[in-house]
Structure formats: structure tokens, C-alpha cells
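Listed below, chain by chain, are the residues.
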Amino acid sequence: MEEGSLGCAEVLALLTDYLDAALPPGRHRAVAAHLGACEGCSEWLAQVLATIAAVGCLRDGVISAQVLAALRESFGERCRGGGVTSDGGGARGRRT
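Residues numbered from 1 in each chain as written. Predicted model: local features only at pLDDT ≥ 70, side-chain atom pairs only at ≥ 80, totals over all residues. Heavy atoms only, no water.

Visitor: Where do I start with the pattern of salt bridges in this structure?
Guide: Two side chains with opposite charge may pair up if their charged atoms get near one another. The full count for this structure, using the stated rule, is 1 salt bridge. Ionic pairing is found between arginine 27 and glutamate 10, a salt bridge with its closest N-O pair at 2.6 Å. Taken as a pair, arginine 27 in helix H2 (residues 25-37) and glutamate 10 in helix H1 (residues 8-19) lie far apart in primary sequence, 17 residues in all. (Salt bridge = Lys/Arg side-chain N within 4 Å of Asp/Glu carboxyl O. Helix = DSSP H or I, 4+ residues; strand = E, 2+ residues; numbered from the N terminus.)

Structure follows, in C-alpha cells:
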């Protein structure tokens, strides 16, 4: 890995800030470069974007309280279960 380049775990940890355009310009470019070169991380990004699109269309009353509770529990278990991995499994968001 080149000096200054980012590894998969670091890129996945920065992904929400990257999508929110909350990274300094140099860090944003480094994440973009990694995503352009790493098939695994770019697939993870595609999954995140698909999830955002799917969940973004939900409004109050569209999803039952029971289903919402199950989703929260599922995501909570994943967050408690471990950190970010290079294969995209068990990625943990930094925000709640």
C-alpha cells in the first residue's frame, strides 16, 4: 500500500462522512481513489446507497412498529458484534 493511501477498514469507517461530504478535501480524494480501485469497498458503497434509497422512502405509518423494532434490533446486534472488516461484514456505523 502506498504511503498516505487508505486501507479497506479505514475507508469503510469513513464512508458515512464521505457520503455526507464531511471529510477534508484530501481525505475525500483518498477515499474516492480507494473506492475507485477496490471492488469490495465499491460494492459495499453500492449496498449502502441502495439501503439509503430503500429506507429513505419510508415515512411514519408506512412501516409497522414491530418491523421497525426488529430492524433496530438487527442493526444493534451487528453494531455490538464487531467492528469494520475489509469484506464489508459487520461494518459498524459511527453515528446513531
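Visitor: So what exactly am I meant to see when it comes to the confidence of the model for the protein here?
Guide: Close inspection of predicted coordinates is inappropriate in any region flagged by low pLDDT. Looking at the protein, pLDDT values average 77 and 72% of them are 70 or higher. Here helix H4 (residues 65-81) stands out as the element of the protein with the lowest mean pLDDT, 72, in contrast to H2, whose mean of 96 is the highest. Between residues 81-96, whose pLDDT stays under 50, and residues either more than four places distant or in other chains, the model counts 25 contacts. (pLDDT = per-residue confidence, 0-100. Contact = heavy atoms within 4.5 Å.)

Visitor: Looking at this model, I keep getting lost on helix H3 (residues 39-56). Mind explaining?
Guide: Residues spaced three or four apart along an α-helix point in a common direction, a consequence of the helix completing one turn every 3.6 residues. If you check H3, its first and last C-alpha atoms are 25 Å apart, about what 18 residues at 1.5 Å a residue would give, namely 26 Å. Within the sequence span of H3, burial applies to Cys41, Leu45 and Val48. Along H3, the residues classed as buried sweep out an arc of 60 degrees about the axis, all on the same side. More than 90 degrees from the buried face of H3, the exposed residues found are Glu39 and Ala53. Tucked into the core, H3 has its buried residues touching H1 and H2. (Expected span 1.5 Å × (residues − 1). Buried < 20%, exposed > 50% of the residue type's maximum accessible area, 1.4 Å probe, protein only. Arc of directions from axis to C-beta.)

Visitor: I tried to follow the nonpolar core on my own but got confused; where do I start?
Guide: Soluble globular proteins tend to bury their nonpolar side chains together. By size, the foremost hydrophobic cluster in this structure holds 13 residues, and its most contacted members are Leu15, Tyr18, Val31 and Leu35. Listing elements by their share of this core, those giving two or more residues are H1, H2 and H3. No other element matches H1, which puts 5 residues into this core. The residues contacting leucine 35, other than those within four sequence positions of it, are Val11, Leu15, Tyr18, Cys41, Ser42 and Leu45. (Core = buried A, V, L, I, M, F, W, Y, C linked by side-chain atoms within 4.5 Å.)

Visitor: Explanation requested: unusual backbone geometry in the structure shown.
Guide: Excluding glycine, residues mostly carry a negative phi; peptide bonds, for their part, are mostly trans. Backbone geometry places alanine 21, a non-glycine residue, at a positive phi of 55 degrees. Note on placement: alanine 21 falls in the loop between H1 and H2. For alanine 21, a relative accessible area of 60% puts it in the exposed group.

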